[in-house]
Amino acid sequence: MIVTIDGPAASGKGTVARGIADRLGFAYLDTGAMYRAVALAALRAGADCSDAAAVERLLPDVHIEMPPDRVLLNGGDVTEAIRAPEVSQGASKVAAVPAVRAFLVPQQRRIGTGRDMVSEGRDQGTVVFPDAAVKFYVTAAARVRAERRHLELARRGVATTVERELAELTERDRRDSGRADGPLRQPPDAHLIDTSHRTVEAVLDEMEGVVRRCTTDRA
């Protein structure tokens, strides 16, 4: 059984995706981390993440592994490195490169084959797993998302402001929604969840109820 969770950056989808996977006993796949890993590889090689040709040339030398709670790039643990602000922006840029999507989407599908899994990203319910049993689209107000991102970065010692994060999230939303290949979209059959003023537990309770009902119906 595949459960997809799509939505914009800092909407809380990562937190609830991990949480619902734990509650259900499902595997969890953070597909955004895979795009971050490609962006990190590009940055380390001195490539512009917006340069499609340069990024495509790197792909034969990019090997990504996704063990539980970790991300490995060419054998090295980059779990923390891929969360840097410049990598976040780079991930949105490489995600618009068709060759990168052609490189990663089959890998994501292979990971999900034959298992119960929660897959989180931006095109999981529309492109990667269009026949998923349950789909969610998780969002939140733009300023709420900016405040969350500011707090997250502050905890890691990164100096920034809410206004700066709001501007960067707005730009990232524009790129993610405007790309031709696998744009950020709410699947028409997805359950919409706005996390702006809700606790994580309340959201997880709702999501678990939806999945449990689907499991019962399928039985």
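Above: the structure in question.
## Structural notes on helix H5 (residues 98–112)
Reasoning step 1: With 15 residues, H5 ought to run about 21 Å at 1.5 Å a step, and its terminal C-alpha atoms sit 21 Å apart, in line with that.
Reasoning step 2: Within the span of H5, buried status applies to Ala99, Val100, Arg101, Leu104, Val105, Gln107, Gln108 and Gly112.
Reasoning step 3: Backbone geometry just after H5 places Gly114 at a positive phi near 70°.

## Thoughts on unusual backbone geometry
Reasoning step 1: With a phi angle near 65°, Ala10 is a residue other than glycine that sits in the positive phi range.
Reasoning step 2: Within the secondary structure layout, Ala10 lies in the loop between strand S1 (2–6) and helix H1 (13–24).
Reasoning step 3: Phi is positive for Asp69, which is not a glycine, with a value near 65°.
Reasoning step 4: Of note, Asp69 is situated in the loop between strand S3 (64–65) and strand S4 (72–73).
Reasoning step 5: Its relative accessible area of 72% is what places Asp69 among the exposed residues.

## Describing the packing of helix H4 (residues 85–94) against helix H8 (residues 162–178)
Reasoning step 1: At a minimum axis separation of 9 Å, H4 and H8 run at an interaxial angle of 15°. As the angle between them shows, H4 and H8 are arranged roughly parallel. As H4 runs across H8, the sense of the crossing is left-handed. Contact residues: Ser88, Gln89, Ala91, Ser92 and Lys93 in H4; Glu168, Arg172, Arg175 and Asp176 in H8.

## Here's the deal with the pattern of salt bridges
Reasoning step 1: Enumeration according to the criterion identifies 20 salt bridges in this entry.
Reasoning step 2: The closest approach of N and O atoms between Arg174 and Glu171, which form a salt bridge, is 2.5 Å. On the criterion of helical spacing, the pair formed by Arg174 and Glu171 is a turn pair, its members being 3 residues apart in helix H8.
Reasoning step 3: The salt bridge partner of Arg212 is Glu208, with a shortest N-O separation of 3.1 Å. Separated by 4 residues within a single helix, Arg212 and Glu208 lie in helix H9 (residues 200–218), roughly one turn from each other.
Reasoning step 4: One network of salt bridges, with partners in common, ties together Arg23, Glu201, Asp205, Glu208 and Arg212.

## Some details on the sheet that holds strand S8 (residues 191–194)
Reasoning step 1: Ordered in space as S2-S6-S1-S7-S8, the 5 strands form an open sheet in which the pairing is parallel. At either end of the open sheet lies a strand with only one pairing partner, and these are strand S2 (27–30) and S8. Each adjacent strand pair in this sheet contributes to an overall mean axis angle of 20°, direction not counted.
Reasoning step 2: Sheet topology places S2 next to strand S6 (residues 117–121); 4 bridges connect them, and they run parallel. Bridge pairing links Asp30 to Glu120 in S6.
Reasoning step 3: This element, H1, spans S1, S2, S6 and strand S7 (134–139) of the sheet and lies at about 175° to S6.
Reasoning step 4: Along the sheet face, H5 touches S1, S2 and S6 and points at about 160° away from the line of S6.

Cut-off values and rules
- Along each chain, numbering runs from 1 in the same order as the chain's sequence is written.
- Residues qualify for local features only when their pLDDT is at least 70, as the model is predicted, and side-chain atom pairs are given and counted only at 80 or more; totals for whole chains, interfaces and linings, by contrast, use all residues.
- Derived side-chain values reflect all non-hydrogen atoms in the structure, with water molecules and hydrogen atoms excluded from consideration.
- Put simply, DSSP marks the helices as runs of H or I at least four residues long and the strands as runs of E at least two long, and each gets a number from the N terminus on.
- A helix's residues, less one, multiplied by 1.5 Å, set its expected span.
- Relative accessible area decides the class of each residue, using a 1.4 Å probe on protein chains only: under 20% of the type maximum gives buried, over 50% gives exposed, and in between gives partly exposed.
- Under this scheme, a helix contributes an axis fitted over its contacting stretch, all axes are lines through C-alpha atoms, and angles between N-to-C directions fall in the 0 to 180 degree range.
- Our angle categories are set so that under 35 degrees counts as roughly parallel, over 145 as roughly antiparallel, 65 to 115 as roughly perpendicular, and the remainder as oblique.
- Throughout, a crossing is termed right-handed when the near helix is turned clockwise from the far one, and left-handed when it is turned anticlockwise from it by less than a right angle.
- We call two residues in contact whenever any of their non-hydrogen atoms come within 4.5 Å of each other.
- Any Lys or Arg side-chain nitrogen located within 4 Å of an Asp or Glu carboxyl oxygen qualifies as a salt bridge.
- Only when DSSP finds a minimum of two bridges between them are two strands counted as paired.

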